[in-house]
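Fold and contact review
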Amino acid sequence: MQLTPEQQAMLEGQQGRSIQKAIQILTTLGRIYGAEEMLPIRSVQISGVSYANLGEAGLEWLSEMAADGSKVRTLTTLNPAGMDIENWQALGIDPEFARNQTRVLDAFSRMGVTLTCSCTPYLFGNLPTLGEHIAWAESSAVCYANSVLGARTNREGGPSALAAALTGFTPAYGLHLDENRSPTVTIEVAAQLEGTWQFGVLGKAIGDKLQGQQNVPYITGIGHASLEELKSFCASIATYGGTALFHMANVTPEVDLFERPCNVITINPADLDKARSDLQGASLVEVDFVSLGCPHLSLREVQRIAELLQGKKVTKEFWITTSRPVKRLADAAGYTAIIESSGAKFAVDTCCVVAPIEGRFKAMLTDSAKACYYAQARNKFKMHILPFDEVVREACR
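This brings us to the packing of helix α3 (residues 51-66) against helix α6 (residues 158-167). One can describe the packing of α3 onto α6 by two numbers: an axis separation of 12 Å at closest approach and a directional angle of 10°. When the axes of α3 and α6 are compared, the pair comes out roughly parallel. Along its contact with α3, which presents W61, L62 and M65, the element α6 presents P159, L162 and L166. Split by residue class, the contact of α3 with α6 holds six nonpolar, no polar and no charged.

Structural data, given as structure tokens:
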């Protein structure tokens, strides 16, 4: 790799031990993937924030990186933590876990990281523009940034994202390069879709067809998709297909730069029915936990929940998961008071995927295909998926 004098000084330790460790991580990645240079970046999003994922070893490494006073050099936000930072007691989080999670956040804070813990940083200011190089880590956010915004990022690990934040650079390989952003397979969607849950089911259906191959899909047949539908789709196709970039005709910004690949896969209603059936692992009678907000809810989604819960009472544990900035807007608009008066709980800064809730519930109801995957794989819940509005109504039955 060709390093600039500034980058070489980092590598030689002239800017401190933590910066040296960070640039060593990045140059090693660059050598592995054949990068010729480093690229300056405009923002970072770091995963591996929940203490449930990090453990003591991960926390020790973070503390070492923060020890010499090194600070991030660009806007840097965090993925969801394992608890609501301000209201963890109401969610039944163990005090010892809360103490350790606070230690994690303190380490990030000492490095100048903005403690907005969310998988949707594009909803509150960490919003890259077309062609900007960034270093993001959370799978759905990476997919959204590359595909919907047209920014450029690989799916970073937590350590490489932090390394990029501390140096301001990332190695030039993968989806940072033009030649790796070309579509490799055409996905023809021969079915009508509406709502976040159906876009999530579509992501699973496409992921099942791709079978983990590293493809860049060129998707046709979608006439329109809202921000919330694209958010759901990105989470699902990243989870089930490992997809970090797709192009969608009439929707995404780079689609007109490319021709449709000759290799065609069709998604028909039967494929969607099968994907949906795979996500129905529990009957509604079994459901004792309801969660909306995977990925984190937009303000428009919080508003809709408030409309549906007006004058109602929930009969099950119901988590509304979103970012702290969106929650503050909901407070100001009066949505929070309506939702909390129903008995539903805001789970801010966290979500059902990363919170330490294994064993607490038997079956979860959601509109999120991604949440279904992790409910089964990580928390060992059964799961059931329904349209967004139906999830809210079912929480009150």
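A few words on the sheet that holds strand β15 (residues 382-385). A sheet is described by the order of its strands in space; here five strands give the open sequence β13-β12-β11-β14-β15, paired in parallel fashion. Looking at which strands have only one partner, the edges of the open sheet turn out to be β13 (345-348) and β15. Adjacent strand axes in the sheet meet at a mean angle of 30° when their direction is disregarded. Sitting on the sheet, helix α10 (residues 299-309) is in contact with β11 (289-297), β12 (317-322) and β13, with an inclination near 155° to β11.

Attention now goes to the nonpolar core. Within the largest apolar cluster, 103 residues are counted, with the highest numbers of intra-cluster contacts made by F108, I187, L202, I206, I219, I222 and F233. Setting aside anything within four residues of it in sequence, one finds I187 in contact with I206, L210, P217, Y218, I219, T220, I265 and I267. With 27 residues, the next largest nonpolar core counts A282, L292, L309 and V314 among its residues.

In this section: the pattern of salt bridges. In the structure shown here, the tally under the stated rule is 27 salt bridges. E64 is the partner of K21 in a salt bridge, and the nearest nitrogen-oxygen pair spans 3.6 Å. Taken together, the residues span a long stretch of sequence, with K21 in helix α2 (residues 17-33) and E64 in helix α3 at a distance of 43 residues. With a closest N to O distance of 2.5 Å, D349 and R324 form a salt bridge. Placement of the pair is D349 in the loop between β13 and β14 (363-366) and R324 in helix α11 (residues 324-333), with a sequence separation of 25 residues. Judged by relative accessible area, which is 1%, D349 ranks as buried. When salt bridges with common partners are traced through the structure, they connect D84, E86, R324 and D349 into a single cluster.

The next thing to look at is the sheet that holds strand β10 (residues 264-267). Taken together, the four strands give an open sheet; going across it, the order is β9-β8-β7-β10, and neighbouring strands pair in parallel fashion. Of all strands in the sheet, those with a lone pairing partner are β9 (247-248) and β10, marking the two edges. The pairing of strand β8 (residues 217-220) with β9 spans two bridges and is classified as parallel. Across the sheet, the residue bridging to I219 is M248, located in β9.

Calculation criteria
Residues numbered from 1 in each chain as written. Predicted model: local features only at pLDDT ≥ 70, side-chain atom pairs only at ≥ 80, totals over all residues. Heavy atoms only, no water. Axes fitted to C-alpha atoms, helices over the stretch in contact; angles between N-to-C directions. Helix = DSSP H or I, 4+ residues; strand = E, 2+ residues; numbered from the N terminus. Parallel < 35°, antiparallel > 145°, perpendicular 65-115°, else oblique. Contact = heavy atoms within 4.5 Å. Nonpolar A, V, L, I, M, F, W, Y, C, P; charged D, E, K, R; others polar. Pairing = 2+ DSSP bridges. Core = buried A, V, L, I, M, F, W, Y, C linked by side-chain atoms within 4.5 Å. Buried < 20%, exposed > 50% of the residue type's maximum accessible area, 1.4 Å probe, protein only. Salt bridge = Lys/Arg side-chain N within 4 Å of Asp/Glu carboxyl O.

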